[in-house]
Amino acid sequence: MPVSASAVLDAGSGLCLAKSHLLVALWRACGLPAGFCYQRLLFDTDGGLYVTHGLAAVWLPAFGWYRCDARGNTKLRLPP
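Residues numbered from 1 in each chain as written. Predicted model: local features only at pLDDT ≥ 70, side-chain atom pairs only at ≥ 80, totals over all residues. Heavy atoms only, no water.

Student: Which parts of the structure should I look at to understand the packing of aromatic side chains?
Tutor: Aromatic rings considered in pairs are described by the distance between their centres and by the relative angle of their planes. With the rule as written, the count across this model stands at one aromatic pair. Between the aromatic rings of tryptophan 59 and tryptophan 65, the centroid separation amounts to 5.6 Å while the plane-to-plane angle is 70°, which identifies the pairing as edge-to-face. Overall, the relative accessible area of 34% leaves tryptophan 59 in the partly exposed class. A cation sits over an aromatic face here: arginine 40 above tyrosine 50, 3.7 Å from the ring centre. (Phe/Tyr/Trp six-rings, centres within 6.5 Å; stacked < 30°, edge-to-face > 60°. Buried < 20%, exposed > 50% of the residue type's maximum accessible area, 1.4 Å probe, protein only. Lys NZ or Arg CZ within 6 Å of the ring centre and 35° of its normal.)

Student: Just checking my understanding: could you explain the environment of leucine 55 for this structure?
Tutor: Within the element layout of this structure, leucine 55 appears in strand β2 (residues 50-60). Once the C-alpha coordinates of leucine 55 and alanine 70 are considered, the two residues, 15 residues apart in sequence, prove to be 6.5 Å apart. If we ignore the near neighbours within four places in the chain, the residues touching leucine 55 are Ser20, Gly35, Phe36, Cys37, Gln39, Cys68 and Asp69. (Helix = DSSP H or I, 4+ residues; strand = E, 2+ residues; numbered from the N terminus. Contact = heavy atoms within 4.5 Å.)

Student: Would you explain the side chain of histidine 21 in this entry?
Tutor: Along the chain, histidine 21 falls in helix α2 (residues 16-29). From its side chain, histidine 21 meets the backbone oxygen of valine 3 in a polar contact 2.8 Å long. The residues contacting histidine 21, other than those within four sequence positions of it, are Val3, Ser4, Ala5, Phe36 and Tyr38. (Polar contact = N/O pair within 3.5 Å; in protein donor to acceptor, adjacent residues only side chain to side chain.)

Student: Sorry, what's going on with the pattern of salt bridges here?
Tutor: Pairs may arise between side chains of opposite charge once their charged atoms sit close together. For the coordinates displayed, the defined rule picks out one salt bridge. Of the charged contacts, one joins aspartate 69 and arginine 71 as a salt bridge, the two residues approaching to 3.0 Å between their closest N and O atoms. (Salt bridge = Lys/Arg side-chain N within 4 Å of Asp/Glu carboxyl O.)

Student: Help me out: how do you make sense of the environment of tryptophan 27 in this one?
Tutor: Relative to the helices and strands, tryptophan 27 is located in helix α2. Expressed as a C-alpha distance, the spacing of tryptophan 27 and tryptophan 59, which sit 32 residues apart in the sequence, is 9.7 Å. Filtering out sequence-adjacent residues up to four positions away, tryptophan 27 remains in contact with Leu32, Ala34, Ala56, Ala57, Val58 and Cys68.

Student: For this particular structure, what's the right way to read a nonpolar patch on the surface?
Tutor: Together, Val3, Leu17, Phe36 and Tyr38 make up a nonpolar patch on the protein surface, roughly 350 Å² of accessible area in all. Among the secondary structure elements, leucine 17 is positioned in helix α2. (Patch = residues over 30% accessible without salt bridge, like charges linked within 9 Å, V, L, I, M, F, W, Y side chains within 5 Å. Areas by Shrake-Rupley, 256 points an atom, 1.4 Å probe, with all protein chains shown as cover.)

Student: Can you help me understand the pairing of strand β3 (residues 64-68) in this one?
Tutor: Successive side chains on a regular strand alternate, one facing one side of the sheet and the next facing the other. Where β2 meets β3, five bridges bridge the pair, whose relative direction is antiparallel. Bridge pairing in β3 links leucine 60 to glycine 64. Hairpin geometry of β2 and β3 is characterised by an intervening segment of three residues between the two adjacent antiparallel strands. (Pairing = 2+ DSSP bridges.)

Keep in mind these numbers describe shape, not what the thing actually does.
The structure is reproduced here in structure tokens:
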């Protein structure tokens, strides 16, 4: 599974963390301050079962830090 920005480009795919690495690399190449964010998503109220989700953030002077989900889920979902 690709993790680095270059590996995501080579593979043409990646999980949320890998796609966040690519998005941050692209922003930084454009001279924009950027970094990584992580969410802990719980499956139960006890906090025992969880997954970590990777996001990206870019500094926009008019807004401050703006978080983006780099997954690229673009499938149109029609209502039932």
